[in-house]
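So the chains spell out like this:
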Amino acid sequence: MKPALLLLAAGMGSRYGGLKQLDGLGPNGETIMDYSIYDAIKAGFGKIVFVIRKDFEQDFRQKVLSKYEGHVPVELCFQELDSLPEGFTCPEGRVKPWGTNHAILMAKDVIREPFCVINCDDFYNRDAFMVIGKYLADLPDGSRGRYAMVGFRVGNTLSDNGTVSRGVCSTDADGNLSTVVERTQIMRIDGNVSYKDEQGAWITLNDDTPVSMNVWGFTPDYFEYSEAAFKEFLSEPANIANLKSEFFIPMMVNRLIGNGTATVKVLDTTSKWFGVTYAADRQGVVDRIQSLINEGVYPEKLW
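So, how was this worked out
Residues numbered from 1 in each chain as written. Predicted model: local features only at pLDDT ≥ 70, side-chain atom pairs only at ≥ 80, totals over all residues. Heavy atoms only, no water. Helix = DSSP H or I, 4+ residues; strand = E, 2+ residues; numbered from the N terminus. Rg over C-alpha atoms; globule rule 2.2 N^0.38 Å. Buried < 20%, exposed > 50% of the residue type's maximum accessible area, 1.4 Å probe, protein only. Contact = heavy atoms within 4.5 Å. Expected span 1.5 Å × (residues − 1). Salt bridge = Lys/Arg side-chain N within 4 Å of Asp/Glu carboxyl O. Axes fitted to C-alpha atoms, helices over the stretch in contact; angles between N-to-C directions. Parallel < 35°, antiparallel > 145°, perpendicular 65-115°, else oblique. Disulfide = S-S within 2.5 Å. Core = buried A, V, L, I, M, F, W, Y, C linked by side-chain atoms within 4.5 Å.

Chemist: Quick rundown of the overall build of the protein chain? Include the residues and the values.
Modeler: Counting its secondary structure elements, the protein chain contains eight helices and 13 strands. At 19 Å, the protein chain has a C-alpha radius of gyration in line with the 19 Å of a compact globule built from 303 residues. Each principal axis of the C-alpha distribution contributes one length, and for the protein chain these read about 55 × 50 × 45 Å. Looking at the protein chain as a whole, 51% of its 303 residues qualify as buried. Look at the contacts in the protein chain between residues 6 or more apart in sequence, and 74% of them connect residues 24 or more apart.

The following block contains the structure:
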């Protein structure tokens, strides 16, 4: 069974402003996720699933989904504040979404095959899709708890215009993920990749340190585990009282690794990430896409 690609597209991108998922960066108005989908199809993915907010469905259908007709099957799911398990209600005053792992749960009724989760506003490059696509396609039928993530080399994932957030990964002797720790301020200082720790000190990282760019590979049992964990999350009074609490993918992955339910193979890639974290990043992305077209990696017009 060909794996599915699940794109998390419900965020607004507060540092950039506006719906950057719909921002045309290619020469014919192609978005970053257009290139991701093109690469995923080349890598053998057989279905595309988007998680978006209901309030920009019409725009999304017109500007995005219409492109893929005849190329690949597409499904649409919606992440809303009240999309909660039975018996739970959204706290009054909450406006922030419930987080990336909640977004994944929105697809539980439409994905039955191994699947890869990505952000829609990160340009991952084709090698990342090739390595995760092969891993998922090679899994034996009925596999459970044998997950994977693409471990980008941190030095290949930085912005020239400010700090970035990355999940810094540790691996065991078998190349499986031990932990992933979100570091919200990573940048190059005096030639070295560094992050700011909880005490405000800058800690140096090796350029090849694997980091999560939210390219995860799961089998459908992940929905089952996530739903149970989300109910526990919602049952914690502190998570309800905090109107900004979120249920993140790394939280869920760390839980499953910690209790022995799953292993997560860290797959190396030579891909160099780029994306529009800040408005000042935009022109650089446009230029790099044009360079890839000039090199013959992509056609002038994708669809």
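Let's pick the thread back up.
Chemist: Quick one: what's the story with unusual backbone geometry, residue by residue and with numbers?
Modeler: Here the phi dihedral of Asn125 falls at roughly 75°; this positive angle occurs in a residue that is not glycine. Here Asn125 lies in the loop between strand S5 (122-123) and helix H4 (126-138). Phi at Asp190 takes a positive value of approximately 55°, unusual for a residue other than glycine. Looking at where Asp190 falls in the secondary structure, it is placed in the loop between strand S8 (177-189) and strand S9 (192-196).

Chemist: Tell me about helix H5 (residues 221-235), and name the residues and values.
Modeler: In this model, H5 (15 residues) spans 22 Å end to end at C-alpha, consistent with the 21 Å of a helix rising 1.5 Å per residue. When we look at burial in H5, the residues that qualify are Asp221, Tyr222, Phe223, Tyr225, Ser226, Ala229, Phe230, Phe233 and Leu234. For H5, the secondary structure elements touched by its buried residues are helix H3 (100-105), strand S4 (115-119), strand S6 (146-153), strand S11 (210-218), helix H6 (237-241) and helix H7 (249-258).

Chemist: Explain the pattern of salt bridges to me, and be specific about the residues and the numbers.
Modeler: Pairs can form between side chains of opposite charge whenever their charged atoms are close. In the structure shown here, the tally under the stated rule is 15 salt bridges. Among the ionic pairs, Lys108 bridges to Glu227, the shortest N-O distance being 4.0 Å. A residue pair is termed long-range when its members are at least 10 positions apart, and Lys108 in the loop between H3 and S4 and Glu227 in helix H5 qualify at 119 residues. Salt bridges here are not isolated pairs; linked through shared partners, they connect Lys54, Glu57 and Arg61.

Chemist: Give me the packing of H5 against H7: which residues, what numbers.
Modeler: One can describe the packing of H5 onto H7 by two numbers: an axis separation of 11 Å at closest approach and a directional angle of 105°. In terms of orientation, H5 and H7 fall into the roughly perpendicular class. On H7, the residues touching Tyr222, Tyr225, Ser226, Ala229, Glu232 and Phe233 of H5 are Ile249, Met251, Met252, Val253, Arg255 and Leu256.

Chemist: I'd like a rundown of the state of the cysteines, residues and numbers included.
Modeler: Here, the word disulfide means a covalent bond between the sulfur atoms of two cysteines. For the structure shown, the criterion picks out zero disulfides. Unpaired in terms of disulfides, Cys116 finds its nearest cysteine sulfur in Cys120, a separation of 13 Å. Between Cys169, a free cysteine, and Cys116, which holds the nearest cysteine sulfur, the sulfur-to-sulfur gap is 14 Å.

Chemist: I'd like to hear about the nonpolar core, residue by residue, with values.
Modeler: Membership of the largest hydrophobic core comes to 44 residues, with the highest contact counts inside it found for Leu5, Leu7, Phe50, Phe60, Tyr124, Ile132 and Phe152. With five residues, H4 is the largest single contributor of residues to this core. Among residues more than four places away in sequence, those in contact with Tyr124 are Ser36, Ile118, Asn119, Phe129, Phe152, Met213, Asn214, Val215, Ser271 and Trp273.

Chemist: For the environment of Pro91, give the residues involved together with the corresponding values.
Modeler: The residue Pro91 is located in the loop between strand S3 (74-78) and H3 in this model. Spatially, the C-alpha atom of Pro91 lies 40 Å from that of Asp39, the residues being 52 residues apart in sequence. Setting aside anything within four residues of it in sequence, one finds Pro91 in contact with Trp98, Ile240 and Leu243.

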